[in-house]
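For reference, the chains in residue letters:
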Amino acid sequence: MYAVVAAVDWHLIKDRIFSPDHAFAQALLRTVLIAVLAQVFGVLLGLASALFQMSRWRVLRVISYVYVLAVRGTPLIVQIFFMYYGANLFLGFDLFPRTVNLGLLSIDGVVVAGTVALAVNEGAYMSEIIRAGIGAIDRGQMEAAKSVGMTYGLAMRRIVLPQAARVIVPPLGNEFNGMIKNTSLLAFIGVYELFLDAEQGYSVTFKPVEYFIAVAFWYLVLTTVWGLIQVQIERKLGASDRPEDESWALRLFGIPSPAKGAR
Amino acid sequence: MSDTIVKAEQVDKYFGRQRVLCGVSLEVEKKEVVCIIGPSGSGKTTFLRCINHLERIDGGRIEVNGHLIGYRPGKNGGLVEDSERNIALQRTEIGFVFQRFNLWPHKTALQNIIEAPMRVRKVPEQEAVAQGEALLARVGLADKRNAYPGKLSGGQQQRVAIARALAMKPALMLFDEPTSALDPEMIGEVLEVMKELASDGMTMVVVSHEMGFAREAADRMVMMDDGVVVEEAPPAEFFLAPREERTRQFLSKIL
């Protein structure tokens with residue numbers, strides 16, 4: 001046992017954590033950007049899908065249903081591989097060219113494909129979360145909005161969605177937490193993000209323990225920072241009906257407070 | 001324009017196969033206060049909701065202030081449902097007060113009141129706020145301007161809800177059992193506001209079992225049962241000498 005521990009190069013771990021190199025910094029930035037973009041588009045897709053599901057037109061409901069069924073019923077890694085290796089062939093044109101030029105910025109096609117795959121996957125889960133969130137709002141809220149002359153869209157935007165947001169944000173936070181970690185799957189199609197950076201370091205040095213502990217630490221940093229941000233967002237959304245402030249630790253670690261059930 | 005505010009003709013309504021309104025007709029004149037009573041399941045609330053098209057109707061027609069509500073003439077002579085925008089526009093003329101208030105909990109009392117004037121009528125904020133504050137004062141809640149609904153009593157919430165409906169300057173106010181969800185000690189304050197509204201000349205249709213209010217403020221009583229209007233009469237006559245057996249039976253139960 002002692003021998004195993006002694007074999008760990010603590011110095012290397014310390015270096016990987018406290019003095020990251022340039023490639024690592026790039027990978028970290030890429031991980032964060034991909035996670036944020038995929039989550040944003042995932043929420044938008046999910047919102048569209050949820051509204052489709054509540055539509056009075058059957059076609060839209062069927063589209064949404066099939067989308068959610070297909071995405072939730074297949075592994076994310078398969079979706080990522082399909083999006084990168086299969087989508088262009090399947091569609092017969094280049095949905096994801098080798099490089100995507102956006103004026104000054106040019107992005108690797110693989111990053112775009114990976115981000116899209118994560119967003120499409122996320123959209124299906126967000127669809128269910130948003131639908132449940134909207135469903136949790138009393139019908140009378142929409143009726144009251146209509147009774148003063150609001151259209152469905154305006155009532156959704158001003159009255160229903162802001163209230164549903166409060167129900168949606170906690171599970172959305174969990175989703176983003178998962179998203180940060182799921183970006184690591186993009187290593188398998190060659191996106192240079194945190195995990196691929198670690199894997200390459202390991203393959204050169206044959207020091208899996210050091211590299212993977214260090215990368216795990218960085219994922220933990222990202223998810224913890226997000227947890228703190230989430231607390232602030234939830235606090236802001238709940239301002240109208242939370243009489244006393246709960247401690248950030250309580251909210252972060254999700255220990256239910258007795259006061260919350262009162263509403 | 002005539003002085004008829006509500007003109008409902010032969011309104012039919014089904015919930016699935018069950019017929020809940022069977023040819024209901026009702027006219028309400030300007031400044032008139034009409035009180036609808038009847039046993040539960042008689043269709044009175046459904047009828048009220050049809051007047052601002054919260055429920056679709058399956059037959060007949062309803063006009064408010066000369067506008068056909070919820071429908072427009074179709075190509076083949078029948079009626080088709082109107083566009084969402086037009087229906088929304090028609091509803092701006094009709095205030096609705098719900099049994100369970102339905103205030104928006106994420107907005108303060110004042111925000112509840114100014115939301116529709118600002119977003120629907122595009123009234124400038126300053127003007128909307130001034131008007132909102134005047135309305136809050138009118139329902140006796142000037143000091144609750146910044147209170148969220150969750151911090152208000154039931155009676156206070158309902159008064160804010162009335163102010164919210166009035167903020168659109170409607171030609172007609174509909175009340176769906178406005179005091180049924182209230183604790184007894186709060187009923188009076190809401191009825192007081194409604195009585196003042198009636199004496200200010202607001203046209204009102206009220207579904208309620210508050211007989212005190214009906215006697216004092218109503219110009220006409222309407223008794224509904226099984227989806228039809230059983231009897232209509234001025235309150236004095238209605239309470240003292242109801243013509244119909246069903247009315248007599250119902251009154252004997254609630255008085």
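Note that the structure is a prediction, hence the values are computed from the model and not measured.

Asks: Could you give an account of helix 6 (residues 109–135) of chain A, with specific residues and numbers?
Replies: Taking 1.5 Å per residue as the helical rise, helix 6 of chain A with its 27 residues ought to reach 39 Å, and the 38 Å between its terminal C-alpha atoms agrees with that figure. Counting buried residues in helix 6 of chain A gives 19 out of 27 residues, a clear majority hidden from the surface.

Asks: Pulling in residues and values, what's your account of the packing of aromatic side chains?
Replies: Inspection of the entire model under this criterion finds 11 aromatic pairs over all chains. Geometrically, the ring pair formed by A:Phe188 and A:Phe195 is tilted, given 6.3 Å between the ring centres and 50° between the ring planes. On the basis of an interplanar angle of 80° and a centroid distance of 5.8 Å, the ring pair of A:Phe217 and A:Trp218 is categorised as edge-to-face. Given the relative accessible area of 33%, A:Phe217 is considered partly exposed. These aromatic residues form a ring-pair network of at least three members: A:Phe188, A:Phe195, A:Tyr202, A:Phe206 and A:Phe212. In this arrangement the basic side chain of B:Arg164 is found over the ring face of B:Trp104, its NZ or CZ atom lying 4.4 Å from the centre. Directly above the aromatic system of B:Phe239 lies the positively charged group of B:Arg215, at a separation of 4.7 Å from the ring centroid.

Asks: Summarise the pattern of salt bridges; cite the residues concerned and give the values.
Replies: Inspection of every chain in the model, using the stated rule, returns 25 salt bridges over all chains. The partner of B:Glu63 in a salt bridge is B:Arg61, with the nearest N and O atoms 2.9 Å apart. Taken together, the salt bridges that share partners define one network made up of A:Arg139, A:Glu143, B:Lys13, B:Arg49 and B:Glu55.

Asks: I'd love a proper account of the side chain of A:Glu122, names of residues and values included.
Replies: Residues and elements named next belong to chain A. Residue position: Glu-122 is located in helix 6. Of the side chains with opposite charge, Arg-72 comes closest to the buried, unpaired Glu-122, at an N-O distance of 11 Å. Setting aside anything within four residues of it in sequence, one finds Glu-122 in contact with Ala-38, Gln-39, Gly-42, Glu-175 and Met-179.

Asks: Requested: an account of the confidence of the model for chain B, with residues and values cited.
Replies: When pLDDT is averaged along chain B, the result is 94; 99% of the residues meet or exceed 70. The ipTM value of the predicted complex is 0.93, and its pTM value is 0.83.

Asks: Give a description of a positive patch on the surface that names residues and reports values.
Replies: Judged by side-chain charge, A:Arg157, B:Arg85, B:Arg119 and B:Lys122 come together as a positively charged surface patch. Following the sequence through the fold, B:Arg85 ends up in helix 2 (residues 84–91). Residue B:Arg85 is classed as exposed on the basis of its relative accessible area, which comes to 62%.

Asks: Describe the sheet that holds strand 5 (residues 67–68) of chain B, naming the residues involved and giving the relevant values.
Replies: With antiparallel pairing, the 4 strands of this open sheet are ordered in space as 2-1-4-5 (chain B). The two strands at the open ends of the sheet, each matched to only one other strand, are strand 2 (18–29) and strand 5 of chain B.

Asks: Please set out a nonpolar patch on the surface residue by residue, giving values where relevant.
Replies: Residue and element names in this part refer to chain A. A cluster of nonpolar side chains, Val-32, Val-36, Leu-37, Val-40, Phe-41 and Leu-44, forms an exposed patch at the surface whose accessible area comes to about 480 Å². Relative to the helices and strands, Leu-44 resides in helix 3 (residues 22–53). Under the relative-accessibility criterion, Leu-44 is labelled partly exposed at 49%.

Asks: Before we move on, could you go through the confidence of the model for chain A and cite the residues and values that matter?
Replies: All names here are of chain A. Averaged over every residue, the pLDDT of chain A is 85; the share at 70 or more is 86%. Averaged over each element, pLDDT in chain A is lowest for helix 11 (residues 248–252) (49) and highest for helix 7 (residues 139–147) (97). Contacts of residues 255–263 to residues separated by more than four positions or lying in other chains number 7 contacts, the stretch itself having pLDDT below 50.

Asks: Account for helix 9 (residues 194–205) of chain A, with residues named and values stated.
Replies: Residue and element names in this part refer to chain A. For helix 9, built from 12 residues, the straight-helix expectation of 16 Å at 1.5 Å per residue is met to within 8% by its first-to-last C-alpha distance of 17 Å. The set of residues buried in helix 9 consists of Leu-194, Leu-196, Asp-197, Ala-198 and Gly-201. The secondary structure elements touched by the buried residues of helix 9 are helix 2 (10–18), helix 3 and helix 10 (208–237). Capping the start of helix 9 is the job of one residue whose side-chain oxygen sits 3.1 Å from the backbone nitrogen of Phe-195: Glu-193. Once helix 9 finishes, Phe-206 follows within two positions and takes phi at roughly 55°, a positive value.

Asks: I'd like to hear about the environment of A:His22, residue by residue, with values.
Replies: Its location among the elements puts A:His22 in helix 3. Put simply, A:His22 and A:Gly135 are 113 residues apart on the chain and 47 Å apart in space, counted from C-alpha to C-alpha.

Asks: If you had to explain unusual backbone geometry to someone new, which residues and values would you point to?
Replies: All names here are of chain B. Despite not being glycine, Asn-65 has its phi angle at roughly 55°, a positive value. Along the chain, Asn-65 turns up in the loop between strand 4 (59–64) and strand 5. The buried category is assigned to Asn-65, whose relative accessible area is 16%. Phi at Lys-169 is positive, roughly 50°, even though this residue is not glycine. Mapped onto the secondary structure, Lys-169 falls in the loop between helix 5 (154–166) and strand 9 (172–176).

Asks: I'd love a proper account of the pairing of strand 3 (residues 33–37) of chain B, names of residues and values included.
Replies: Each regular strand shows side chains that alternate between the opposite faces of the sheet. Residue and element names in this part refer to chain B. Most of strand 3 is tucked away: 5 of the 5 residues are buried. Burial along strand 3 is two-sided: the face carrying Val-33, Cys-35 and Ile-37 and the face carrying Val-34 and Ile-36 are both buried. Pairing of strand 3 with strand 10 (residues 204–207), which is carried by 4 bridges, proceeds in the parallel orientation. By the bridge assignment, Val-33 is partnered in strand 10 with Met-204. With 4 bridges joining them, strand 3 and strand 11 (residues 220–225) adopt parallel strand pairing.

The rules we used
Residues numbered from 1 in each chain as written. Chains lettered and ligands numbered in written order. Predicted model: local features only at pLDDT ≥ 70, side-chain atom pairs only at ≥ 80, totals over all residues. Heavy atoms only, no water. Helix = DSSP H or I, 4+ residues; strand = E, 2+ residues; numbered from the N terminus. Expected span 1.5 Å × (residues − 1). Buried < 20%, exposed > 50% of the residue type's maximum accessible area, 1.4 Å probe, protein only. Phe/Tyr/Trp six-rings, centres within 6.5 Å; stacked < 30°, edge-to-face > 60°. Lys NZ or Arg CZ within 6 Å of the ring centre and 35° of its normal. Salt bridge = Lys/Arg side-chain N within 4 Å of Asp/Glu carboxyl O. Lys, Arg positive; Asp, Glu negative; His and termini not counted. Contact = heavy atoms within 4.5 Å. pLDDT = per-residue confidence, 0-100. Patch = residues over 30% accessible without salt bridge, like charges linked within 9 Å, V, L, I, M, F, W, Y side chains within 5 Å. Areas by Shrake-Rupley, 256 points an atom, 1.4 Å probe, with all protein chains shown as cover. Charge placed at Lys NZ, Arg CZ, Asp CG, Glu CD. Pairing = 2+ DSSP bridges. Polar contact = N/O pair within 3.5 Å; in protein donor to acceptor, adjacent residues only side chain to side chain.

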